[in-house]
Amino acid sequence: MEIIPTTIGSYPRPDWFKEYLKRVEGLQKEGMNEIEKGEYKKALAEILNEQKNAGIKLLTDGQLVWQNMLCHLCTRIKGFEMSGLIRYFDNNTYYLMPRATTKLERRGDIIAEEFRLAHEIQPEIKAVISCFTLVELSKDEFYKNKKEFIMDMAKIMNQEVRKLVENGAEYIQIDEPSLLYAGKEDLEITREAIEVIHRGVEAKFFLATYFRDAEAIFPEILDFPVDVLGLDFVEGYEKNLELLREYRVTKEIQAGIVDGRNTKIEGRDDIKERINAILGIIDSDVLYVSPNTGLEFLPYQKASEKLRTMCDSVI
Amino acid sequence: MTRRLLPTTVVGSYPKPKWLNHLIGEYAKGKISDEIMEQAYQDSIKAVVKEHELAGVDILWDGEMRREEMTSYFAEHIDGFEIYGDVRVWGNNYYKKPAIVSRVGYRDELTIPEYSSLRTITTNEIKVPITGAYTIVDWSFNEFYPRKEDAVYALAEVINEDLRGLVKAGAGYIQIDDPAIPTHPDEIEIAKNSLEIATKGINAYLGIHICYGDYSKIYPEVLEFPVDQLDFELANKNFKDIEIFKEYEFTKDIGFGCLDVHTRRIESVEEIKTNIRKAFQLVEPEKIYVDPDCGLKLLPQGIAFEKLRNMCQAARELREELV
């Protein structure tokens, strides 16, 4: 059995980089320009180093220039305009709500360039995209047909994933927290959408869910064309264990076992106990362990402390 | 308390003078003394009070010159909190998110020095805003208490102790700022209980300010809160929420947010009058307090002043029409 520590996506920005972004972008900016590559790479190297030193084996680029949570991806897709601030799930963080006003089209790289820069520094990087959740957190003023909206998003993400793989990506994570709140019909559309994202691509696919237990996506999720299923074992510990017991899950699991939204550092024994509980149910050779969410909900120095404790507990 | 009809007031914050922000920065770097910083706070408050008086505001506050933010300002003065660093709220905006690391306890006076110092420089009535226990806990990390409500109730006791001192110091009008309440409608009982604790034995006119959020999820339950007045943001959502409030008899006084603080557009006196009249659909004019949607601190100072002045003028004209 191999246990691989990984991260989910976001990472708090180093203080100097926060100040830098405030200076060049003001309080809120919608796209990415004006940021000097040198400054970005310096910040990126810092947070990759933090992850590496903590013991993380499969890293993420920390989404350092994302102007908000997942919905940031929409700012780089033609067809979206940004409107007022909206709360991101039950967090005290807000994103500019994207509005789809014309047919979606790929305008250029979404995250492929950021991935390339991270990959230059550290080879083991997991690229993070999304699809259904982006549609769900946006406002549709064009499609009037949700499936079309989702499928157009999926086609764009397929193009992006191809570019990512060209740039060296071997691991692709599709973040879908909204799926945990979705109905069965949306689940079926999302399954088709992920098939489209997957098309013609050689990579290991992760589907990440968080913020609550995964009851809403079982058993349908078992047929999704992904290799790894990410579950939140902080918010949905008992329920997710129960789901794993009830259904024979042949996919690998990415288990969110430490709380990415609380500065309280978990005890190593607690972490070990959680891991052992999961290992006792699944029969795969690999378990990915991670915080349950991205880490930008934490102050900078607490993020690495969290990761270090988690990694130390799996040795 | 007897008051003129449609008294005008503020929610709390006002734009800080540029020179004050500059000095706060210098003070953080250790470049100026405590004494000079204290003088700067006092002088800036005098400037803000004068502006409020010129604008015609009946019930004042000090513009929250000393408060950097509505959670960490209190957390820094209460035992049990630690602040590790910044956490993002939106875009490039961050706040010092406090963490509860041990049992919370009353240490420093929170609002009392602010009130006492303001009392010496204005004869107007004063409203004292304080962030509610529920919101402080919701916007903090909880490392210590097993359940969220345990933290909320313990903190409500701390707030209660400060309010007792505040009333003793002479304050007659207190506003509890609790914008986190509509974000977790399933926890409204916890919020209500926290207010019961915080306001226990407090003999003053009490309001609660709630902004953002979906009011349909907390109404009519908020009518059961132990306060005299409910203060809402209404202009920003173009007064649509009035329909929600109409479904049940509005049994409290209303703080009627009638200036949109998220736009730099200066609403005209006529427009504001039309908007204030919408409150008449809910309650008698005697039960209406006129104020902006929220604190004005994110607006340029000149625009904040013009908006306030028009709001006060609108209330005065309506008052004359009503008498």
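The preceding data block contains the structure.
Rules of the game
- Residues numbered from 1 in each chain as written.
- Chains lettered and ligands numbered in written order.
- Predicted model: local features only at pLDDT ≥ 70, side-chain atom pairs only at ≥ 80, totals over all residues.
- Helix = DSSP H or I, 4+ residues; strand = E, 2+ residues; numbered from the N terminus.
- Rg over C-alpha atoms; globule rule 2.2 N^0.38 Å.
- Buried ≥ 20, exposed ≤ 12 C-beta atoms within 10 Å, placed from the backbone.
- Contact = placed C-beta atoms within 7 Å.
- Core = buried A, V, L, I, M, F, W, Y, C linked by C-beta atoms within 7 Å.
- Pairing = 2+ DSSP bridges.
- Axes fitted to C-alpha atoms, helices over the stretch in contact; angles between N-to-C directions.
- Parallel < 35°, antiparallel > 145°, perpendicular 65-115°, else oblique.
- Left-handed = near helix turned anticlockwise from the far one by under 90°.
- Nonpolar A, V, L, I, M, F, W, Y, C, P; charged D, E, K, R; others polar.
- Expected span 1.5 Å × (residues − 1).

Engineer: Is there a simple way to explain the overall build of chain B in this structure?
Structural biologist: For chain B, the count of helices and strands is 10 helices and 11 strands. In terms of C-alpha radius of gyration, chain B reaches 19 Å, essentially the compact-globule figure of 20 Å for 323 residues. Taken over 323 residues, chain B has a buried fraction of 46%. Pairs at least 24 residues apart make up 78% of the contacts formed inside chain B by residues separated by at least 6 positions.

Engineer: Is there a simple way to think about the nonpolar core in this case?
Structural biologist: Generally speaking, a soluble globular protein has its nonpolar side chains buried in company with each other. If you look at the biggest cluster of nonpolar residues, it comprises 95 residues, and the most contacted ones within it are Ala127(A), Cys131(A) and Met153(A). Top contributing element to this core by residue count: helix H5 (residues 146-166) of chain A, with eight residues. In contact with Met153(A), other than residues within four places in its own chain, are Leu104(A), Cys131(A), Leu134(A) and Val135(A). Residues Phe74(B), Val128(B), Ala171(B) and Phe225(B) belong to the second largest nonpolar core, which totals 88 residues.

Engineer: Just to check I follow, could you spell out the sheet that holds strand E9 (residues 252-258) of chain A for this structure?
Structural biologist: Residue and element names in this part refer to chain A. The parallel open sheet is built from seven strands, whose spatial order is E1-E10-E9-E8-E7-E6-E4. Each edge of the open sheet carries a strand with a single partner, namely strand E1 (2-5) and strand E4 (126-130). Direction aside, the axes of adjacent strands within the sheet are offset by 25° on average. Note: strand E6 (residues 171-175) against strand E7 (residues 204-208), five bridges, orientation parallel. Bridging from a neighbouring strand, Ile174 pairs with Leu207 of E7. Running over the sheet, helix H8 (residues 268-279) touches E9 and strand E10 (286-291) and is turned about 160° from E9.

Engineer: Explain the packing of helix H9 (residues 269-277) of chain B against helix H10 (residues 301-322) of chain B here, please?
Structural biologist: A pair of packed helices is characterised by two quantities: the angle between their axes and the separation of those axes. All names here are of chain B. Two elements in contact, H9 and H10, have axes whose closest approach is 8 Å; the angle formed by their N-to-C orientations is 60°. On the basis of their axis angle, the class for H9 and H10 is oblique. Between H9 and H10 lies a crossing whose hand is right-handed. Residue-level contacts link Val269, Ile272, Lys273 and Ile276 of H9 to Asn310, Met311, Gln313, Ala314, Ala315, Glu317 and Leu318 of H10.

Engineer: I'm lost on the interface of chain B and chain A in this one. Help?
Structural biologist: How big an interface is tends to be stated in terms of the accessible area lost upon association of its parts. At the interface, 18 residues of chain B touch 25 residues of chain A. When contributions to the side of chain B that touches chain A are tallied by element, the ones reaching two or more residues are strand E2 (78-90) and strand E3 (93-106) of chain B. A per-element tally of the side of chain B that touches chain A places E2(B) first, with seven residues. In terms of residue class, the side of chain B that touches chain A is built from eight nonpolar, six polar and four charged.

Engineer: Teacher, can you tell me more about H8(A) here?
Structural biologist: Note: α-helices contain 3.6 residues per turn, so residues at a spacing of three or four share the same orientation. In a regular helix each residue adds 1.5 Å, so 12 residues correspond to 16 Å; H8(A) covers 16 Å between its end C-alpha atoms and thus fits that length. Along its buried surface, H8(A) packs onto E9, E10 and helix H9 (300-314) of chain A.

Engineer: How do you make sense of the sheet that holds strand E3 (residues 94-106) of chain A when you look at a structure like this?
Structural biologist: Strand-to-strand pairing in sheets goes through backbone hydrogen bonds, with the strands running parallel or antiparallel. All names here are of chain A. The three strands are arranged E2-E3-E5 in an open sheet whose pairing can be described as mixed. Edge positions in the open sheet fall to strand E2 (77-87) and strand E5 (139-140), since each of these has one partner strand only. Summarising the sheet, E3 and E5 pair through two bridges and their orientation is parallel. Looking across to E5, one finds that Ala100 is bridged to Asp140. H5 contacts E2, E3 and E5 of the sheet and is inclined by roughly 85° relative to E3.

Engineer: It is not clear to me how the packing of helix H2 (residues 37-54) of chain A against helix H3 (residues 112-121) of chain A should be interpreted in this structure. Could you clarify?
Structural biologist: Residue and element names in this part refer to chain A. Relative to each other, H2 and H3 sit at 55°, their axes nearing to 10 Å. Relative to H3, the element H2 lies oblique. Here the hand of the crossing between H2 and H3 comes out right-handed. On the side of H2, the interface is formed by Lys41, Leu44, Ala45 and Leu48, while H3 contributes Leu117, Ala118 and Ile121. In the contact of H2 with H3, the residues fall into six nonpolar, no polar and one charged.

Engineer: Looking at this structure, I do not really get the environment of Ser117(B). What am I missing?
Structural biologist: Summarising the element assignment, Ser117(B) is placed in helix H4 (residues 112-119). Judged by C-beta crowding, with 15 C-beta atoms within 10 Å, Ser117(B) ranks as partly exposed.

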